[in-house]
Structures are given as C-alpha cells and as structure tokens.
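# A closer look at the structure
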Amino acid sequence: MKKLALITILGLLTFTTYSQKFGHLNAQDLISIMPERDKAVNELQDYAKGLESQLISMQSEYQSMIEDYQNNEKNYDDLTKQDKIAEIQGLEQRITTFQQSAQTSLQNKEIELLQPIEKKAQDAINKVAEKGKYTYILDSSSGILLYSNDSEDILEKVKKELGL
C-alpha cells in the first residue's frame, strides 16, 4: 500500500513538472514588424533632424565668429579682443550644452515613442501566455524572461544554503 501511494505521489509530481509549458520569441523581430514602430522611427528621425539643424546653425555661427575674429584681430584693441573671445567662448559653451541636452532629449523622445509599442507587444505576449497556459516565455534575442506564471522565488532558500 505504501509503495502504491509513493508511486502515485511520484507520478503526480512528474506530471506537474511536465505540465509546465515554456515558450520563446524574438521580441526585437516582433516589435520590428509592428506598424506603429515605423511611424515612431520616422517621428524620431524627424525630431533628430530638427535638433541637428539647430546644432548646424549654431556651429555655423561659431565658425563665422571665429573667421570674423581672425580676419579683424589686428584691428581690435585689447578690450575688443577680450570681448570677442568671451563671445566665442560663450557660444562654444552654449553649443556644448545644447549637444548634451539634445542627446538627452533624443533619448527621452525615443522612450516616449517606443514605450507604448513595447507595452502593446508585452500585453499581447501576456494574453497568448495566459490563453496557452504557458509557465514561462523567454525572449530568444536577449534571454530575458518576458512572462512568468506564478512561481516561487527561491532567493531566500539559496541565501540560506550559502549561509548569507
């Protein structure tokens, strides 16, 4: 009788273990075929071109100021030279600041545009996972876990095993 109970328990444990369903997908491929992505990429490129245009304009002004200074330096008195150099350095600093803030702004714009697309993809993954009764779904392009059904976090047990 004990042997039958043991076999039954082992059979149920084995069945439970094998009933877990795993899936994977390439999230980059999924997002790349979503029509919203093309619109977001185009909008991001337009935004980047606008920032680049402003930067080119500032650099052109900077070059013009340097050329003007070099061409007229011998005609300037010391006070005018100092003033012109301060103007050039001020514009140089503004260009540097603009480049840094433009880069941050571009990154923020990318997040703003792509986040809704990634959320839509994740929502679809969640629905497929729940309908198909998947336990885990992995992103094959990065190895990141995209979906996890209720599972036990064993961190505390591992810490205990390590004596931490």
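Described below are features of the structure shown in this document. (Residues numbered from 1 in each chain as written. Predicted model: local features only at pLDDT ≥ 70, side-chain atom pairs only at ≥ 80, totals over all residues. Heavy atoms only, no water.)

Glancing now at the packing of helix α3 (residues 35–72) against helix α4 (residues 78–131). Two elements in contact, α3 and α4, have axes separated by 10 Å at closest approach and are oriented at 175°. When the axis of α3 is compared with that of α4, the two are roughly antiparallel. In terms of residue class, the contact of α3 with α4 is built from 21 nonpolar, four polar and 13 charged. (Axes fitted to C-alpha atoms, helices over the stretch in contact; angles between N-to-C directions. Helix = DSSP H or I, 4+ residues; strand = E, 2+ residues; numbered from the N terminus. Parallel < 35°, antiparallel > 145°, perpendicular 65-115°, else oblique. Nonpolar A, V, L, I, M, F, W, Y, C, P; charged D, E, K, R; others polar.)

With that settled, the discussion passes to α4. Here α4 spans 79 Å end to end across 54 residues, near enough to the 80 Å set by a 1.5 Å rise per residue. Residue L114 marks the point of greatest curvature in α4, where the axis turns by about 35°; the proline P116 follows within four residues. Looking at α4, one finds that the buried residues are I88, L91, I95, F98, A102, K109, L113, I117, A121, I125 and A129. Considering only its buried residues, α4 is in contact with β1 (22–25), α2 (27–32), α3, β2 (136–139) and β3 (145–148). Of the residues that open α4, the one with a side-chain oxygen 3.2 Å from the backbone nitrogen of L79 is D77. Directly after α4, the chain includes K133, whose backbone phi takes a positive value near 55°. (Expected span 1.5 Å × (residues − 1). Bend = angle between axes of the 7 residues up to and from the residue. Buried < 20%, exposed > 50% of the residue type's maximum accessible area, 1.4 Å probe, protein only. Contact = heavy atoms within 4.5 Å. Polar contact = N/O pair within 3.5 Å; in protein donor to acceptor, adjacent residues only side chain to side chain.)

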